[in-house]
Each structure stands twice: as C-alpha cells, then as structure tokens.
Amino acid sequence: MASQTASTDGLATTTTIEHYANLANSGAGLVIVEYSYVMPSGKSEPNQLGAHDDKCIPGLQQIARAIHEKGAKAGFQLTHCGGKSQLDVCPDLEAPSGITVPAYDRVLPKPQAMTLDDMYAWRDAFVQGAIRAEKAGFDFVELHCAHGYGLNQVLSPVTNKRTDFYGGNLQDRARLMIEIVQTVKKETKLNIMVRVPGQDLYPDGLSQTDMAEVCRLLVEAGVGIIDVSSGIGGWNRPKDRRGEGYLVSESAYLKKANLGVPIIGVGGIETHGYIEQALQNQWFDLAAVGRAVLQGPQQFQQRVMKEPLPA
Ligand SMILES: Cc1cc2nc3c(=O)[nH]c(=O)nc-3n(C[C@H](O)[C@H](O)[C@H](O)COP(=O)(O)O)c2cc1C
C-alpha cells in the first residue's frame, strides 16, 4: 500500500524503512512493498517510491533487509501509472491509445497516445526495475497490472485501441505483459507475481473469462503467483460489493480455473475465521490483508492468532 513517504525523487526515507519494518510485525509471510514507478513518466504521486534509477537501490536494500529481519519474504511492486496521474506530478502523461482513464473517485486528464518506441521503453523500464529489486535483495517482484494503472490500460479493451501488435485481440493486448515476464525471467532469478484484475468491473472491459485466459498465458511465461484484485476504475470497494472478502469471488473464479500456481485473494479481509473458511472452500491459497494490518500490525497479529477457528 502506497505510504507516500519517499523523497520527491523517489528514494526511500527513514520513515519508509521504518514503515515496512513495522508492517512486518504483522506476522505476514510475505510483505509486498507499495507500487513503485519504473520510469519518471510512470509516477502518480509526489512522494511515491521509485525503482527508476540505480540510486534507488540502497534505500530499497534497507527495506528488504527490514522485512527479512522479521522473518517474512519481501516482495516489490513495479508500476507505470500510464494515464492515471495528474499533470502536476506527471507532465508527460501517456497511455496506450491516448484515452482518458476512467476512475471511480476523480476525473483524470487526457494522456498522449504512445508510440511503439514508448511501449518498448515501458517494457525495458519494468525489466530494469526488476533487476534493481533483485539487487536490493527482494525475493519477489509483482507487476501491477490492476487498478486501472498502465499495464491494466494496455490489457483492457476500454483503454487499448492500438492497431499494432500491442493492440487488437486479448493475446495481443497481453503481449507487453508477457514480454516483460519472459525478460524478467531471463534476466533475474526473482519469483514473479502479477496483480491482475479479476475483471475490469467496467462496461465493455475485461471479463472473468478474459482474465482466466490472460493468467494462463502469464503462467506459461513464468509467473509463479497470481494476486487478484480489481481493474479499470481503481482498487476501492465497488458499490455493490460488501463485507469481509468483498473481492474474493474474483480469486475464487481464477482458483477454479486450475492455473497451477497459488492464487491470492483480497478485499476487506480481517479475521482468522474468514481466512480459514476461504482456504477450506478453495476461494484462494493466500490472503492479502491491507488496511486491517495498516491500522496496527502488532495488534493484527495478536488479534488474529488468538481468534478461535470456525467450528
Ligand atoms: C492507503 C492505501 C494504499 C494502497 N496502495 C496500493 C498499492 O500501492 N498497490 C496496490 O496494488 N494496491 C494498493 N492499495 C489497495 C490494497 O492493496 C488492497 O487491495 C485494498 O486496500 C483492499 O484490501 P483491504 O480491504 O485488505 O485493505 C492501497 C490501499 C490503501 C488503503
């Protein structure tokens, strides 16, 4: 989760490092560091963490070490915001087809349409970001392909109307992600996760069936864990979804697709009882917990471990 604690040039500060040391007190098996921009045109918040330059590596190293010291694995999320930013943060706003990205909570500016060279530049920047994460000592990188950010924009028919080989049918819209995964696989020894939308939850957007197909291609390319969230529009709870596990029907759908890799579910999860029930029902293999941990990592561990299991 974005902590907005980095310096304005994307370097981790003491506050960022302490923040992750604190989150690792939750007892989580894996702590995934917030969305971090892979190149300056991919930045979406003034104090966002970066992975765009080698000068980011020493700070990232301290974050990875702080997480490892608490016994958890360390993951690092790589992001390009595409058209999902503001012009004062990102004057060179660019998106696959120059289409304004729909968002539930704000009106975004119109981005420029990307050239083929811009697409290649994204691919290279994601790979370089992964190489930096590996040098910093992370165990996993996670490509952020959800929540309406850049790779979601490339994948979604709502925002990708390109006529070259990065647009058109589902396989072509997935091509950039696949190429990134294949190259990261070749260039590093990292485990690769992807955060994907279970569906776009937006008219004419990606469907659950589309996403099962995309995930199959991603696994073939070398992805080892699929982390299932929401799509175009953002991460916030959709109005018609309620209660603990409000997005878990999305992970449950992909779990049924038998992709052969662990599936992560998310959405308002906060109790041991719910997690056990979801595991038993095969709704996911791993639970992602955001805000319930953020509110108090140590309290989360104490509360969840003490809770009685469902009968
Ligand atoms: C403050 C905040 C920052 C977030 N930043 C990110 C992020 O950097 N990357 C991401 O994939 N999701 C991000 N999210 C979404 C969460 O990862 C998670 O999917 C969402 O909060 C639902 O889970 P929860 O109900 O357990 O909090 C953020 C959520 C919050 C509350």
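Up top you'll find the structure we're talking about.
Quick look at the structure, then. Computed from a predicted structure; not experimentally measured.

1. Quick word on the overall build of the chain
Along the backbone of the chain there are 10 helices and nine strands. In terms of overall dimensions, the chain is globule-like: its C-alpha atoms have a radius of gyration of 18 Å, near the 19 Å expected for 311 residues. Taken along its principal axes, the extent of the C-alpha atoms in the chain is 55 × 40 × 40 Å. Across the 311 residues in the chain, those meeting the buried criterion constitute 58%. The long-range fraction of contacts in the chain, counting pairs at least 24 apart against all pairs at least 6 apart in sequence, stands at 70%. Accessible surface computed for the chain: about 13,100 Å², of which carbon and sulfur atoms make up 49%.

2. Brief notes about the site of the ligand
Looking at the ligand, there are 16 residues lining it, with Gln77, Arg195, Gly268, Gly290 and Arg291 nearest. Measuring from an oxygen atom of the ligand, one finds a backbone N or O atom of Gly290 at 2.8 Å. When isolated, the ligand has an accessible area of 600 Å², and the protein chains bury 86% of it. Residues of the shell around the ligand, tallied by class, amount to seven nonpolar, six polar and three charged.

3. Looking at the nonpolar core
In this structure, Ile63, Phe138 and Ile226 are the most contacted members of the largest nonpolar core, which totals 74 residues. Beyond its immediate chain neighbours, meaning those up to four positions away, Ile63 contacts Ala12, Thr16, Ile17, Tyr20, Val33, Leu49 and Phe138. Ranked by size, the runner-up nonpolar core spans eight residues in total, among them Met193, Leu247, Val266 and Ala288.

4. Observations regarding the sheet that holds strand 5 (residues 140-144)
Sheets are built from strands that pair by backbone hydrogen bonding, the pairs being arranged parallel or antiparallel. On the basis of which strands lie adjacent, the open sheet formed by seven strands has the order 1-2-5-6-7-8-9 and parallel pairing. Here the strands that pair on one side only, and so sit at the sheet edges, are strand 1 (30-37) and strand 9 (286-287). Inspection of the sheet shows strand 7 (residues 225-229) paired to strand 8 (residues 263-265) by two bridges, in the parallel sense. Opposite Ile226, over in strand 8, you have Ile263 as the bridge partner.

5. A word on the environment of Gly82
Along the chain, Gly82 falls in the loop between strand 2 (73-79) and strand 3 (94-95). Separated by 148 residues in the primary sequence, Gly82 and Ser230 have C-alpha atoms spaced 17 Å apart. Those residues in contact with Gly82, other than ones at most four positions away along the chain, are Leu93, Glu94, Trp122, Gly150 and Gln153.

6. Concerning unusual backbone geometry
Positive phi outside glycine occurs at Asn258, with the angle close to 50°. Of note, Asn258 is situated in the loop between helix 7 (248-256) and strand 8. Using a relative accessible area of 67% as the deciding quantity, one classes Asn258 as exposed. The phi dihedral of Gln282 is positive, around 60°, even though this residue is not glycine. Mapped onto the fold, Gln282 is located in the loop between helix 8 (272-280) and strand 9.

7. Observations concerning the packing of helix 3 (residues 116-135) against helix 5 (residues 170-187)
Packing of helix 3 against helix 5 leaves a shortest axis separation of 9 Å and a crossing angle of 35°. Where helix 3 crosses over helix 5, the handedness of that crossing is right-handed. Here helix 3 contributes Met119, Trp122, Arg123, Phe126, Val127, Ala130, Ile131 and Glu134 to the contact with helix 5, which in turn contributes Leu176, Glu179, Ile180, Thr183, Val184 and Glu187. The residue inventory of the contact of helix 3 with helix 5, partitioned by class, reads nine nonpolar, one polar and four charged.

8. With respect to the pairing of strand 2
Of all seven residues in strand 2, six are buried; the element is thus mostly enclosed. Across six bridges, strand 1 lies against strand 2 in parallel orientation. Across the sheet, the residue bridging to Val33 is Phe76, located in strand 2. The handedness of the strand 1 to strand 2 crossover, carried by helix 2 (residues 57-69), is right-handed. Judged from the four bridges that link them, strand 2 and strand 5 form a sheet pairing that is parallel.

Here is what the cut-offs are and how they apply
Residues numbered from 1 in each chain as written. Predicted model: local features only at pLDDT ≥ 70, side-chain atom pairs only at ≥ 80, totals over all residues. Heavy atoms only, no water. Helix = DSSP H or I, 4+ residues; strand = E, 2+ residues; numbered from the N terminus. Rg over C-alpha atoms; globule rule 2.2 N^0.38 Å. Buried < 20%, exposed > 50% of the residue type's maximum accessible area, 1.4 Å probe, protein only. Contact = heavy atoms within 4.5 Å. Areas by Shrake-Rupley, 256 points an atom, 1.4 Å probe, with all protein chains shown as cover. Near = heavy atom within 4 Å. Polar contact = N/O pair within 3.5 Å; in protein donor to acceptor, adjacent residues only side chain to side chain. Nonpolar A, V, L, I, M, F, W, Y, C, P; charged D, E, K, R; others polar. Core = buried A, V, L, I, M, F, W, Y, C linked by side-chain atoms within 4.5 Å. Pairing = 2+ DSSP bridges. Axes fitted to C-alpha atoms, helices over the stretch in contact; angles between N-to-C directions. Left-handed = near helix turned anticlockwise from the far one by under 90°. Right-handed = clockwise from strand over helix to strand, strands pointing away.

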